[in-house]
Every structure is written in structure tokens, then in C-alpha cells.
Amino acid sequence: MSEIAKLEALEILDSRGNPTLAVTVTLANGVKGTAKVPSGASTGKREAVELRDGDKARYDGKGVLKAKGHVDGEIQRAVRGFDANDQKGLDKKLCELDGTPNKGRLGANAILGVSLAVARASAEDHGLPLYATLVEKPANLLPTPGLNVLNGGRHADNSVDFQEFMISPVGAPSFSEGLRAAAETFHTLKDVLHKKGYSTAVGDEGGFAPQLKSNEEPIELILEAIQKAGYKPGEDIVIMLDPAASELFENGSYVFSKSDNSKKTSAEMIALWKGWLKKYPEIWSLEDGMAEDDRDGWQQITKELGNQIQLVGDDNFVTNPTLFRQGIKDGIANAILIKLNQIGTVTETLDCIQIAREHAYGAVISHRSGETDDTSIADLAVAAGMGQIKTGSASRGERIAKYNRLLEIERELGSKARYAGASIYERWRKPVKA
Ligand code: PGA
Ligand code: ZN
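Residues numbered from 1 in each chain as written. Chains lettered and ligands numbered in written order. Predicted model: local features only at pLDDT ≥ 70, side-chain atom pairs only at ≥ 80, totals over all residues. Heavy atoms only, no water.

Colleague: Looking at this structure, I do not really get the overall build of the chain. What am I missing?
Modeller: Looking only at helices and strands, the chain has 14 helices and 16 strands in total. Rg of the C-alpha trace for the chain: 21 Å, near the compact-globule value of 22 Å for 434 residues, within the 12% margin. With the C-alpha coordinates aligned to their principal axes, the bounding extent of the chain is approximately 60 × 50 × 45 Å. Of all 434 residues assigned to the chain, the portion counted as buried reaches 60%. Relative to all contacts within the chain whose residues are 6 or more apart in sequence, the contacts with residues 24 or more apart total 71%. Approximately 16800 Å² of the chain is accessible, and the part contributed by carbon and sulfur atoms is 50%. In the chain, 54 positive and 61 negative side-chain charges are present, and the distance between their average locations comes to 1 Å. (Helix = DSSP H or I, 4+ residues; strand = E, 2+ residues; numbered from the N terminus. Rg over C-alpha atoms; globule rule 2.2 N^0.38 Å. Buried < 20%, exposed > 50% of the residue type's maximum accessible area, 1.4 Å probe, protein only. Contact = heavy atoms within 4.5 Å. Areas by Shrake-Rupley, 256 points an atom, 1.4 Å probe, with all protein chains shown as cover. Lys, Arg positive; Asp, Glu negative; His and termini not counted. Charge placed at Lys NZ, Arg CZ, Asp CG, Glu CD.)

Colleague: Would you mind going over the pairing of strand β2 (residues 19–27) with me for this structure?
Modeller: As a general feature of sheets, a regular strand has side chains that alternate between the two faces. β2 sits mainly inside the fold: eight of its nine residues count as buried. In this sheet, β2 lies alongside strand β1 (residues 4–13) in antiparallel orientation, the contact comprising nine bridges. By the bridge assignment for β2, Lys 6 is matched with Thr 26. In textbook terms, the turn of a hairpin is the stretch between consecutive antiparallel strands, and for β1 and β2 this stretch comprises five residues, one of which, Gly 17, has a positive phi near 80 degrees. Linking two consecutive strands that pair antiparallel, namely β2 and strand β3 (residues 32–36), is a turn of four residues; a positive phi of about 95 degrees is found at Gly 30 within it. (Pairing = 2+ DSSP bridges.)

Colleague: Honestly, the domain arrangement of the chain in this entry has me stumped. Any pointers?
Modeller: Where interface size is quoted, it is often the accessible area lost as the parts come together. By domain assignment, the chain separates into domain 1 (4–127) and domain 2 (141–428). A C-alpha centroid distance of 27 Å is found between domain 1 and domain 2. Listed as interface residues are 34 residues of domain 1 and, on the opposing side, 33 residues of domain 2. Here domain 1 meets domain 2 over a buried area of about 2700 Å², counting both sides, of which 46% is carbon and sulfur. On the domain 1 side of the interface with domain 2, the three residues burying the most area are Ser 15, Ser 42 and Arg 46, jointly 24% of the side's total. At the junction of domain 1 and domain 2, the tally comes to five salt bridges. With a shortest N-O distance of 2.2 Å, Lys 45 and Asp 293 are connected by a salt bridge. Counting every contact that joins domain 1 to domain 2 gives 22 residue pairs in polar contact (both at pLDDT 80 or more). (Domains from an automatic or database assignment. Buried area = accessible area lost by both parts, 1.4 Å probe. Salt bridge = Lys/Arg side-chain N within 4 Å of Asp/Glu carboxyl O. Polar contact = N/O pair within 3.5 Å; in protein donor to acceptor, adjacent residues only side chain to side chain.)

Colleague: I would appreciate a short explanation of the sheet that holds strand β10 (residues 263–264) in the present structure.
Modeller: Pairing is antiparallel in the open sheet, where three strands are placed in the order β8-β9-β10. Edge strands, defined here as strands with exactly one partner in the open sheet, are β8 (249–250) and β10. Bridge count between β8 and strand β9 (residues 253–255): two bridges; the pairing is antiparallel. Paired with Glu 250 across the two strands is Ser 253, which belongs to β9.

Colleague: Can you walk me through the site of ligand 1 in this structure?
Modeller: Inspection of the region around ligand 1 gives 15 residues, with Ala 41, His 155, Arg 368, Ser 369 and Lys 390 positioned closest. The contact in question runs from an oxygen atom of ligand 1 to an N or O atom on the side chain of Asp 314, over 3.1 Å. The protein chains hide 100% of the 280 Å² of surface that ligand 1 would expose on its own. Its residues assigned to classes, the shell around ligand 1 comprises two nonpolar, five polar and eight charged. (Near = heavy atom within 4 Å. Nonpolar A, V, L, I, M, F, W, Y, C, P; charged D, E, K, R; others polar.)

Colleague: What's the story with the sheet that holds strand β5 (residues 144–151) in this structure? I'm lost.
Modeller: Picture the strands of a sheet paired through backbone hydrogen bonds; they go either parallel or antiparallel. Taken in spatial order, the eight strands line up as β5-β6-β7-β11-β12-β13-β14-β15 and close into a barrel, and their pairing is mixed. The mean angle between the axes of side-by-side strands here comes to 30 degrees, regardless of whether they run parallel or antiparallel. Strand direction decides the pairing type here: strand β6 (residues 164–168) and strand β7 (residues 238–242), joined by five bridges, are antiparallel. Looking across to β7, one finds that Ile 167 is bridged to Ile 239. Running at roughly 165 degrees to strand β14 (residues 362–366), helix α12 (residues 376–384) makes contact with β13 (335–338), β14 and β15 (388–390) of the sheet. (Axes fitted to C-alpha atoms, helices over the stretch in contact; angles between N-to-C directions.)

Colleague: Can you help me understand the packing of α12 against helix α13 (residues 397–413) in this one?
Modeller: Relative placement of two packed helices is described by the angle separating their axes and the distance separating the axes. In the contact formed by α12 and α13, the axes pass within 8 Å of each other and the chain directions differ by 50 degrees. In terms of axis orientation, α12 runs oblique to α13. Of the two possible hands of crossing, α12 and α13 adopt the one that is right-handed. Across the interface between the two elements, Ile 377, Ala 378, Asp 379 and Val 382 of α12 pack against Lys 402, Arg 405, Leu 406 and Ile 409 of α13. By residue class, the composition of the contact of α12 with α13 is five nonpolar, no polar and three charged. (Parallel < 35°, antiparallel > 145°, perpendicular 65-115°, else oblique. Left-handed = near helix turned anticlockwise from the far one by under 90°.)

Colleague: Please clarify how helix α9 (residues 321–329) should be interpreted in this entry.
Modeller: Spacing of three or four residues puts side chains on the same side of an α-helix, whose turn is 3.6 residues. Of all the residues in α9, the buried ones are Pro 321, Phe 324, Gly 327 and Ile 328. Projection of α9 onto a plane perpendicular to its axis shows the buried side chains occupying an angular sector of 125 degrees, all on one side. Among the exposed residues of α9, those oriented more than 90 degrees off its buried face are Thr 322 and Lys 329. Contacts from the buried residues of α9 go to β13, α10 (340–343) and α11 (346–358). For α9, the capping residue at the N-terminal end is Asn 320, with a side-chain oxygen 2.9 Å from the backbone nitrogen of Thr 322. (Arc of directions from axis to C-beta.)

Colleague: How should the packing of aromatic side chains be read in this particular structure?
Modeller: When we look at a pair of aromatic rings, we describe it by the centre distance and by the angle of the planes. The final tally for this structure, using the stated rule, is nine aromatic pairs. For the pair Phe 162 and Trp 273, a centre-to-centre distance of 5.1 Å together with 45 degrees between the ring planes defines the contact as tilted. Placement of Phe 162 in the loop between β5 and β6 and of Trp 273 in helix α7 (residues 266–279) is noted, with a sequence separation of 111 residues between them. Judged by its relative accessible area of 2%, Phe 162 falls in the buried class. (Phe/Tyr/Trp six-rings, centres within 6.5 Å; stacked < 30°, edge-to-face > 60°.)

Colleague: Just checking my understanding: could you explain the environment of Gln 87 for this structure?
Modeller: If you trace the backbone, Gln 87 turns up in helix α2 (residues 87–98). According to the relative accessible area criterion, Gln 87 is buried, its value standing at 14%. It is 9.0 Å that separates the C-alpha atoms of Gln 87 and Leu 134, two residues lying 47 residues apart in sequence. Residue contacts for Gln 87: discarding those within four places in its chain leaves Ser 115, Val 118, Ala 119, Val 346 and Thr 347.

Next comes the structure, spelled out in C-alpha cells:
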């Protein structure tokens, strides 16, 4: 009765107004599951392929009717009758059907839509929430969120080269209280910006996107906002950064084209991060501090800072179990960013989380800059039990939907709910060896 009976894809719009896919699966017993696929802007080169039509007459070539056709046609024919409770088997079948290493034939957007819709239908069929069916052991750890309150880089039309400046309420006693502290700080940051005459319009992930004087000014403004909101920087709320350095890397150097057009070598980039960490001990996590193609730089920064702060690999690992394992061997990073659509199936995503756990790496479950109202990553974060999620600022409905889903999960878990809080970073807060 839990057999897949029907697949139906729909071309919908994401939060940037670009086409993406919604996939609905119907099981033989009438139970349905729907998944909506996100889309990145600062993508890693080795991400699975997001299939776009390339027909300039529609959505400037960004239409997804080919991917829709693959779901409705070839994929549906191949998986009709398949057991919706066999996620691993299904995902393997989808990968084999595609036949390419990067899901480029059918499209990772088509494949993820199906994979995730089936996961949702299977949960529905069990009468259980998604977080309870994605993994076998009971899940009760609510993640500490990283809220991207100031946007730059490719996510904003401003003068800031670095992409994400996040606040993380590690000192709160619960997820809901942590979210409150972060939202209050977000509102206070708006006042701080306003008083300085800066714009309070928001970027793609709901953080403010003002024209600032330097790449460092966001930190100063955020620290001021944390304090003015009544919280202690470094204790109640810490800072996480995702400069998305791959976007700055040109011919072997880092180019700050949005601010002052200066250039830095790999060693100078590491020196910059070290300087910031010294000046701002409130920073505890740095994602993509080095570019995906700067393997030596990544190794060097991991050697120098890997025992002090969290170093998250996004563009270099692209949620790909093979690339992640290689990165671990190469001594790169101590945490991984997890994005379902970088790899395209639920199973491979869960594999990466498991590899992280086995190697004592952190894992941050993440949204994309192009999102929908799909809230699956909130459930994934609880199922993963790794204690971290980043899903934007305290604004924009597609970001808030995930935080609201976590509030529901917290209520549903009741007295069983635990909040990751500061436990996520204490393991990296070892004293620096002299
Ligand atoms: P993206 O950005 O979704 O545009 O890739 C998110 C990130 O780099 O973490
Ligand atoms: Zn990133």
C-alpha cells in the first residue's frame, strides 16, 4: 500500500522569482508528499547539476520544464510501484537511472524533488513527522540557529564582499528563547543602521544589506546591536561568518571587488581571518574562509585555526560523500555545510551527516539563497542531531517558515526537547597552544 502510484511536478517560483520545481508523490493508498526544491547563487563548482531549460524566451533561460518533464515521464515510469519506505533503494535507483556522476541528465532538481517528496509521503504514511522518520534513532535535539542578519557578496547589491554575517544564540535555554534573542537583536540592528543613516532594506536571505565603509563594519554594527538588545556578545550570542571566499578567488588571489578592489594572497587571507579572530573573539565559526580551488590555503587555515574555531566547508565538499571523505583525508576543515540540493538525494545527504559524525566533524544544515516555503530542512536538522542550522535572518517568509517549523517541533517534543545551545562550539573552544 505504500507503493508509489503517481509523480507530478510543477514549475513554481523561488524566493528570487526564479523557476524551480515542486514535486508531489501520491502513494497507492492516497497518501501524498510534496517537496519544493531550493536554488543557490554562490554555488560550488562540483555541485550536482540543476537542470535549466536554457530557452531564452522563458525566464531568461531559467525555466525548469525539462526537469518537470523528467519527473512526470521517465522518473515516474521507473519508480511507479516502488516501496516509498525504501528511501535508500529509491535514491540508488534514481542515481542509476540518471547514469551520470553529477545528475546532469535528469537534473538534481528533478531527482531531489522526487527523493524528498517520497521521504515526506513515507512520514505521512506512518503518521509521523519527517524528523522522526529520516533516521532510526529518536531525534530530540533542537539546533542552535545561525541567523544571517547582514548580507553581502552575491546575495546583496551593496559594498560588502563577504556574503554572510550570522548571529547564533548559544546562551539561550531553549530554541524558542534563542530565536527570540536573535530576532530582538535583528530588530535592534535595524535601529542601529537607521540611526547611522544606513539602508535597512534586506538581501536574499533576509539580512540587512547596507552600503558600508568596509568588510569589517558589519561585525562592529552587529556587536553594538547585540549589546543594545540586552545580550552579551560572545556569551549569549556569538558570530558566524560565511564570506563565501570562492566567489572572490580569481587567478590565484582573493579580489575584494565590491569594497576597495584590493587583492590578497592566500596567506594574506589567512592573516586577515586570524586578525579578525584576535580582535573579535565572538567569532566562533568561519565557513568557506578559503576558496574551493585553494586547497593549500584550506589545509593551511585548518592547521592554524582548526583547533580554535569551527571551519565549515561548503563549496569544497558540496554535500558530496566522496569529496567530503577526500577533504577529511586532506586535513581540510572541521565541519561541513549540508545542503540537500548540492547532491540531490536524501540518502547521500544523510551519508554526509553520518561521515561527519564518525570523524568528529560538525555539520550545519543549510537553506539556499533561493528558497521556497518548504520546511524539510528544519526536520532534517532535528533528525541529524548535529545541533546546527542556518536558514536566514528573522525576516522573509521563506526563512521564517523553517524557524516556525522548529518552534512547532519544539512544542511537539515537549519535555523531551533539548536545545543544542553552546554545546556546539565548546569542543572548538580549546585554549590555543603557545
Ligand atoms: P547559496 O549561498 O545558496 O547562494 O549557495 C549559501 C551559502 O553559500 O552558504
Ligand atoms: Zn556557504
